Amino acid sequence: MFAHCINGLTGVTAIGPGIKNPPGLTPSFDFPVTGGTISPLGTDGVVDQAGGIQVANGGVGGSCASSTGVNIQQTNFANNPLSNYISSHVVIEGSVPTVGDQGVVMGRT
């Protein structure tokens, strides 16, 4: 299995104008609302948010020390409460491995 080389404290950062609320092992993020529509009951519509999250390969030891850098930037969130999904713009930079975990499933339960 491919080693995950992300330092959970320093390898996950906010992209402005979003902010990462420190400290701790389970930080939270805030993203300003920039537009969209929402129903009076808050059960339908699309809410647009600015900023994002960057996840960066930090070389935290083991096989990671010689690995090339990979960054994933996820920005421009659009939340749709009726359809139960959040869409975003995703950019993957760097050398992505050809073995190991390849799929990413994101959702809300």
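Conventions we followed
- Residues numbered from 1 in each chain as written.
- Predicted model: local features only at pLDDT ≥ 70, side-chain atom pairs only at ≥ 80, totals over all residues.
- Heavy atoms only, no water.
- Pairing = 2+ DSSP bridges.
- Helix = DSSP H or I, 4+ residues; strand = E, 2+ residues; numbered from the N terminus.
- Phe/Tyr/Trp six-rings, centres within 6.5 Å; stacked < 30°, edge-to-face > 60°.
- Buried < 20%, exposed > 50% of the residue type's maximum accessible area, 1.4 Å probe, protein only.
- Patch = residues over 30% accessible without salt bridge, like charges linked within 9 Å, V, L, I, M, F, W, Y side chains within 5 Å.
- Areas by Shrake-Rupley, 256 points an atom, 1.4 Å probe, with all protein chains shown as cover.
- Salt bridge = Lys/Arg side-chain N within 4 Å of Asp/Glu carboxyl O.
- pLDDT = per-residue confidence, 0-100.
- Contact = heavy atoms within 4.5 Å.

Participant: Honestly, the pairing of strand β7 (residues 70-80) in this entry has me stumped. Any pointers?
Facilitator: When strand β5 (residues 45-49) meets β7, the two strands line up antiparallel, connected through two bridges. Counterpart to Asp-48 in the pairing with β7 is Ala-78. Sheet analysis places β7 next to strand β8 (residues 85-94), joined by nine bridges and oriented antiparallel. If you follow Asn-71 over to β8, its bridge partner there is Glu-93. Between β7 and the antiparallel strand that follows it, β8, lie four residues; Asn-84 among them carries a positive phi value of about 60 degrees.

Participant: Looking at this model, I keep getting lost on the packing of aromatic side chains. Mind explaining?
Facilitator: We describe a pair of aromatic rings using the distance from one ring centre to the other and the angle between the two ring planes. All told, the structure shown has two aromatic pairs when counted by the stated rule. Aromatic side chains Phe-31 and Phe-77 sit 4.9 Å apart centroid to centroid with 55 degrees between the ring planes, which places their arrangement in the tilted category. In this pair, Phe-31 sits in the loop between β3 (28-30) and β4 (33-38) while Phe-77 sits in strand β7, placing the two residues 46 residues apart along the sequence. The pair Phe-31 / Phe-77 is uniform in exposure class, with both members buried. Through a chain of ring-to-ring contacts, three or more aromatic side chains come together here, namely Phe-29, Phe-31 and Phe-77.

Participant: Would you explain a nonpolar patch on the surface in this entry?
Facilitator: On the surface, a nonpolar cluster with roughly 250 Å² of combined accessible area is contributed by Ile-72, Val-90 and Ile-92. Counting through the fold element by element, Ile-92 comes out in strand β8. Note on Ile-92: relative accessible area 51%, which makes it exposed.

Participant: Could you clarify how one ought to interpret the confidence of the model for the protein chain in this entry?
Facilitator: For any part of a model where pLDDT is low, the fine detail of the predicted coordinates should not be relied upon. Overall, the predicted model of the protein chain reaches an average pLDDT of 77, with 69% of residues at or above 70. Counting contacts from residues 101-109, a segment whose pLDDT is below 50, to residues more than four positions away or on other chains yields six contacts.

Participant: Is there a simple way to explain unusual backbone geometry in this structure?
Facilitator: Among all residues save glycine, negative phi is the norm, and among peptide bonds the norm is trans. A cis amide bond links Gly-16 with the next residue in sequence, Pro-17, at an omega value of 10 degrees. Mapped onto the fold, Pro-17 is located in the loop between β1 (12-15) and β2 (19-21). In this structure, Asn-76 is a non-glycine residue whose phi angle is positive, near 55 degrees. Along the polypeptide, Asn-76 turns up in strand β7. The partly exposed category is assigned to Asn-76, whose relative accessible area is 48%. The phi torsion at Asn-84 lies on the positive side, around 60 degrees, for a residue other than glycine. Residue class for Asn-84 comes out partly exposed when judged on its relative accessible area of 42%.

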